[in-house]
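Here is what each chain is made of, one letter per residue.
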Amino acid sequence: MGGTAPLRPADFEAVRDRVVAKLQALVRIPTVSHVDPAQGDAAPFVAFVEELARQFPLLHEHLELTPIPGHALLFRWPGTSAERPVVLMAHLDVVPVDENAPWRHPAFGARLVDGQLWGRGTLDNKGCLVGIAEAVERLLEQGFRPAQDIWLSFGSTEEVSGDTAELAVAELRRRGVQPWFVLDEGGAVAAGALPGIKPPLAVIGVSEKGTTTLELRVDGQGGHASTPVQMDTTARLARAIVRLDASPFPATVPEPTLEMFRRIAPHAPLPLRALIGNAARLRPVLTRALIAAGPEPAALTRTTLAVTTLSGSPAHNVIASTARAGVNVRVLVGDTVASVVAHVTKAIHDKRVTVSVVEAGEASPVSPVDDDAFRLLESTIAESFPDAVPTPYVMMAATDSRFFTAICPRVYRFAPFRMTKAQREAIHSYDEHIGVDDLGDGMLWYQRLIERIA
Ligand SMILES: [Zn+2]
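Residues numbered from 1 in each chain as written. Predicted model: local features only at pLDDT ≥ 70, side-chain atom pairs only at ≥ 80, totals over all residues. Heavy atoms only, no water.

*Asks:* Describe the sheet that holds strand E5 (residues 116–118), listing the residues and the values that go with them.
*Replies:* Here we have 3 strands laid out as an open sheet, ordered E4-E5-E17, and antiparallel in their pairing. Looking at which strands have only one partner, the edges of the open sheet turn out to be strand E4 (111–113) and strand E17 (433–435). With strand direction ignored, the average angle separating the axes of adjacent strands in the sheet is 25°. Looking at chain direction, E5 and E17 are connected through 3 bridges and run antiparallel. Note on E17: the bridge partner recorded for Leu 117 is Ile 434. Lying over the sheet, helix H1 (residues 12–27) contacts E4, E5 and E17, oriented at roughly 15° with respect to E5. (Pairing = 2+ DSSP bridges. Helix = DSSP H or I, 4+ residues; strand = E, 2+ residues; numbered from the N terminus. Axes fitted to C-alpha atoms, helices over the stretch in contact; angles between N-to-C directions. Contact = heavy atoms within 4.5 Å.)

Structure (structure tokens):
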């Protein structure tokens, strides 16, 4: 590896400083979304949308804006053709800041220290938002017209699983728009992603696990604690939980993960190279190795479940007449909510425990890798990040892009920023920060992507 240098214009520093100043202003607006919009503060969202209009005048002049209820934005940039429209996504909301977390620099201060810009939202996801908007603004300055319609969908409720992305999808559907491909946050140019692999991996999410919540419930007599019976509601629920815990879902390595191992094999240390190069043939061995490697790699191989909430009797001297447990399930592609319910019911093996679905979230369908749209992402990555290895992967976390799978078979999740392990861990935690050169490179990546759409 090593390869050629990334494609940067002669005036890269000026280009970079402009985008950094814009991101600083946007990070300083605390757009924290709330599950219940009535309890949230709308003022920062209003200010954010106004600031965007100030920062990107050409974008607002030339693109057609459809406001989405809840301060989300849907822009259309008319191209020479509307046959193969492309959707670029980002979200303007952020997760709250824990007051007690030891941030090195104030979370909404957007301080620039030693080539890094610090603050909540720098990576998740205002960096993408400003990267996309600045790429469009620069191209408009140059009089560029895209070959295809470009839609920008900027949601405002991603972090609380709100409905703004769904509403944007409904609007596109109403207008008969069938995107060629959709690009949202998700993967990154990740250094140190896998032990022993030297080059950074440019991981592009091609599917994401679904989030489903089940409730286990046992109803019974209850009664006074001085006259107990065997196997009361609480004991029955506990037995169900223990049985469930002892019955993990069957594990395998899904196709996108196999493809990832094929691609990184040439960069793996020699003893490992053969194993991961023959991943398809050695699927069972690889599956066992991933499970043994810890909870994170293990989650790549199967649907997982965790018992989260528990409730029973409200008093020390009363036996519960109803005992309940909440089960949070992350559905891997290959499983469905129905197959999950069947597995759970069979594992519990007790007709008196009812299993109901509180929230159903299916795994996202797998977007194609052997495809022009994916190859366009790959070749643009090769230009901007010549040392990185582009690869598909299955995301563990959820993004707004899952709603777009309803209208588009090619949904990809990739943020064009170099991120260290520490940076990836800072997302939703503390000390979130982005390198200023990385922000500049990311913006140029979006620009090249738009230029290269045929
Ligand atoms: Zn995000």
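*Asks:* Give a detailed account of the nonpolar core, specifying residues and quantitative values.
*Replies:* Core analysis: the biggest nonpolar cluster contains 67 residues, and Leu 152 and Leu 183 have the highest contact counts within it. Broken down by element, this core gets its largest block of residues, 9 residues, from helix H4 (residues 126–141). Dropping the residues within four chain positions of it, Leu 183 is found in contact with Val 87, Leu 88, Met 89, Leu 377, Tyr 412, Phe 414, Trp 445, Tyr 446 and Leu 449. Counting residues in hydrophobic clusters, the runner-up holds 19 residues, among them Leu 216, Val 327, Val 329 and Ala 363. (Core = buried A, V, L, I, M, F, W, Y, C linked by side-chain atoms within 4.5 Å. Buried < 20%, exposed > 50% of the residue type's maximum accessible area, 1.4 Å probe, protein only.)

*Asks:* Could you give an account of the packing of H1 against helix H2 (residues 43–55), with specific residues and numbers?
*Replies:* The geometry of H1 relative to H2 is characterised by a closest axis approach of 10 Å and an angle of 165° between their N-to-C directions. Relative to H2, the element H1 lies roughly antiparallel. In this structure, the crossing between H1 and H2 has a hand that is right-handed. Together, Lys 22, Ala 25 and Leu 26 of H1 and Phe 48, Glu 51, Leu 52 and Gln 55 of H2 make up the contact between the two elements. Of the residues assigned to the contact of H1 with H2, the class counts are 4 nonpolar, 1 polar and 2 charged. (Parallel < 35°, antiparallel > 145°, perpendicular 65-115°, else oblique. Left-handed = near helix turned anticlockwise from the far one by under 90°. Nonpolar A, V, L, I, M, F, W, Y, C, P; charged D, E, K, R; others polar.)

*Asks:* Now, about the coordination of the zinc ion: what can you tell me, with residues and values included?
*Replies:* Protein-derived ligands of the zinc ion are His 91 (NE2), Asp 124 (OD), Glu 185 (OE) and Glu 185 (OE), with the metal-ligand distances lying across 1.9 to 2.5 Å. Taken together, the 4 donor atoms surrounding the zinc ion define angles of 54 to 144° at the centre, an arrangement classified as irregular. Along the chain, the residues donating to the zinc ion are arranged with the sequence spacing H-x32-D-x60-E. Linking Asp 124 in the loop between E5 and H4 with Glu 185 in strand E7 (residues 181–190), this pair joins segments that are 61 residues apart in sequence. Here Asp 124 falls in the buried class, since its relative accessible area comes to 7%. (Donors = N, O, S within 2.8 Å, 3.2 Å for Na, K, Ca; no water. Tetrahedral: all angles 85-135°; square planar, octahedral: opposite > 155°, others 65-115°.)

*Asks:* Break down the pairing of strand E3 (residues 81–91) for me, with residues and values.
*Replies:* Among the 11 residues that make up E3, 8 are buried, leaving the element largely enclosed by the rest of the structure. For E3 and strand E6 (residues 148–155), the ladder comprises 7 bridges, and the chain directions are parallel. What sits directly across from Leu 88, in E6, is Leu 152. Examined bridge by bridge, E3 and E7 share 3 bridges and lie parallel to one another. Paired with Val 86 across the two strands is Phe 181, which belongs to E7.

*Asks:* Outline the sheet that holds strand E13 (residues 322–331), supporting the account with residue identities and numerical values.
*Replies:* Read across the sheet, 4 strands follow the order E11-E13-E9-E14 without closing on themselves; strand pairing throughout is antiparallel. In this open sheet, the two edge strands, each paired with only one partner strand, are strand E11 (304–311) and strand E14 (354–359). Averaged over neighbouring strand pairs, the angle between their axes works out to 25° when direction is ignored. Note that E11 and E13 share 6 bridges and pair antiparallel. The partner of Leu 310 across the bridge, within E13, is Ala 325.

*Asks:* Talk me through the packing of aromatic side chains; I want residue IDs and the actual numbers.
*Replies:* Summed over the entire model, instances satisfying the criterion amount to 6 aromatic pairs. Measuring from ring centre to ring centre gives 6.2 Å for Phe 75 and Phe 154, while their planes differ by 70°; the resulting arrangement is edge-to-face. Highlighted residues: Phe 75 in strand E2 (residues 72–77) and Phe 154 in strand E6, separated in sequence by 79 residues. Assigned by exposure class, Phe 75 and Phe 154 land together as buried. (Phe/Tyr/Trp six-rings, centres within 6.5 Å; stacked < 30°, edge-to-face > 60°.)

*Asks:* Before we move on, could you go through the packing of H1 against helix H14 (residues 436–452) and cite the residues and values that matter?
*Replies:* Relative to each other, H1 and H14 sit at 100°, their axes nearing to 9 Å. On the basis of their axis angle, the class for H1 and H14 is roughly perpendicular. Contacts between H1 and H14 pair Phe 12, Val 15, Arg 16, Val 19, Val 20 and Leu 23 from the former with Val 436, Asp 437, Leu 439, Gly 440, Asp 441, Met 443 and Leu 444 from the latter. For the contact of H1 with H14, the residue count by class is 9 nonpolar, 1 polar and 3 charged.

*Asks:* Break down the environment of Arg 263 for me, with residues and values.
*Replies:* In this fold, Arg 263 is placed in helix H7 (residues 255–264). Sequence separation between Arg 263 and Glu 134 is 129 residues, and the spatial gap between their C-alpha atoms is 32 Å. Contact partners of Arg 263, with chain neighbours within four places excluded, come to Val 369, Phe 374, Glu 378, Val 389, Pro 390, Thr 391 and Pro 392. Here the side chain of Arg 263 touches Glu 259 through a polar contact of 2.8 Å, side chain to side chain. There is a polar contact of 3.1 Å between the side chain of Arg 263 and the backbone oxygen of Pro 390. (Polar contact = N/O pair within 3.5 Å; in protein donor to acceptor, adjacent residues only side chain to side chain.)

*Asks:* Summarise the state of the cysteines; cite the residues concerned and give the values.
*Replies:* In this structure the tally under the stated criterion is 0 disulfides. For Cys 128, which is in no disulfide, the shortest distance to another cysteine sulfur is to Cys 408 and amounts to 18 Å. The buried category is assigned to Cys 128, whose relative accessible area is 0%. (Disulfide = S-S within 2.5 Å.)

*Asks:* Explain the side chain of Thr 164 to me, using residue names and the numbers behind them.
*Replies:* Relative to the helices and strands, Thr 164 is located in helix H5 (residues 164–174). Polar contacts involving the side chain of Thr 164 include one to the side chain of Thr 157, which spans 2.8 Å. Beyond its immediate sequence surroundings of up to four residues, Thr 164 is in contact with Ile 68, Pro 69, Gly 70, Ala 72, Gly 155, Ser 156 and Thr 157.

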